[in-house]
Amino acid sequence: MSESDLQTAQPAQLSPPPPPRGPANSMPGGTAHTAGGEKLDGAGPSYMDAVRSLGPEYYMNFHKRPCVRDSQLQGLAAGFAGGAVAGIIGRPVLTASNWAVATWCGVSVVSYQVCQYYRSKEKAGIKQAQELMTQKRANIEAKKEARRRQKEEYERQQAERQREEERRKSWGYWYEKNVKFW
């Protein structure tokens, strides 16, 4: 066969693969738009679902959490100052109230986050101090154990020396050393 015969014969022999019947990345019972699961209703859980899931204890004890009280007090003071400044410069009461609420919210959130940051740094420092104390205790215990072993070894050597001295003072030692029959 010549090259022209091969060129005309090849396209007839090779046919394109059949198109896929469905999406390649779907699982049975799934859809092509998720990782094999069912589509969620809407865009997922709503804000109200999240609020309801926390329960009443979360909201009743909100003020007992660390940093909340301080940040709220700072926010109230800043909100009062922000509303007063807006009133002094001549804004209407509704606008001044909005300024007060916005200042209260902003300062409270920032103050809370700063407090949480410092608490996390303090927790990390406490954790590091606990680890250092644990290491120090381990080092002290290792030193005590080494001293105890050294003392035991010294006492063992002293007892051995004492036994050797007693053996040398005995007649058996002199006899073994000085009397030879063969």
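- Where an unreviewed UniProt entry is consulted, the chain appears under the name Cytochrome c oxidase assembly protein COX20, mitochondrial, with the organism given as Didymella exigua CBS 183.55.
- Regarding the chain, the UniProt comment filed under Subcellular location (unreviewed entry) reads as follows: "Mitochondrion inner membrane".
- Recorded under Function (unreviewed entry), the UniProt text for the chain is reproduced unchanged: "Involved in the assembly of the cytochrome c oxidase complex."

1. A look at the packing of aromatic side chains
Item 1. Tallying each qualifying case throughout the model produces two aromatic pairs.
Item 2. Ring geometry for Y58 and Y59: centres 5.1 Å apart, planes at 90°, overall edge-to-face.
Item 3. Aromatic pair Y117 and Y118: ring centres 5.5 Å apart, planes at 65°, arrangement edge-to-face.
Item 4. Assessed through its relative accessible area of 53%, Y118 is described here as exposed.

2. Some points on the side chain of S111
Item 1. Position of S111 relative to the elements: it lies in helix α5 (residues 93-169).
Item 2. On the basis of relative accessible area, S111 is assigned to the buried category, the value being 13%.
Item 3. Discounting chain neighbours no more than four positions away, the residues touching S111 are S71 and Q74.

3. Some words on a nonpolar patch on the surface
Item 1. Together, L54, Y58, Y59 and F62 give the surface a local cluster of nonpolar side chains, amounting to about 360 Å² of exposed area.
Item 2. Relative to the helices and strands, L54 resides in helix α2 (residues 47-54).

4. Section: the state of the cysteines
Item 1. By the definition in use, this model includes one disulfide.
Item 2. Across a sulfur-sulfur distance of 1.9 Å, C67 and C115 are joined as a disulfide pair. With the S-S dihedral at roughly -70°, the linkage between C67 and C115 falls on the left-handed side. Of this pair, C67 sits in the loop between α3 (56-60) and α4 (68-88) while C115 is found in helix α5, placing the two residues 48 residues apart along the sequence.

Here is what the cut-offs are and how they apply
- Residues numbered from 1 in each chain as written.
- Predicted model: local features only at pLDDT ≥ 70, side-chain atom pairs only at ≥ 80, totals over all residues.
- Heavy atoms only, no water.
- UniProt positions renumbered as here; feature names shortened; annotations may be inferred.
- Phe/Tyr/Trp six-rings, centres within 6.5 Å; stacked < 30°, edge-to-face > 60°.
- Buried < 20%, exposed > 50% of the residue type's maximum accessible area, 1.4 Å probe, protein only.
- Helix = DSSP H or I, 4+ residues; strand = E, 2+ residues; numbered from the N terminus.
- Contact = heavy atoms within 4.5 Å.
- Patch = residues over 30% accessible without salt bridge, like charges linked within 9 Å, V, L, I, M, F, W, Y side chains within 5 Å.
- Areas by Shrake-Rupley, 256 points an atom, 1.4 Å probe, with all protein chains shown as cover.
- Salt bridge = Lys/Arg side-chain N within 4 Å of Asp/Glu carboxyl O.
- Disulfide = S-S within 2.5 Å.

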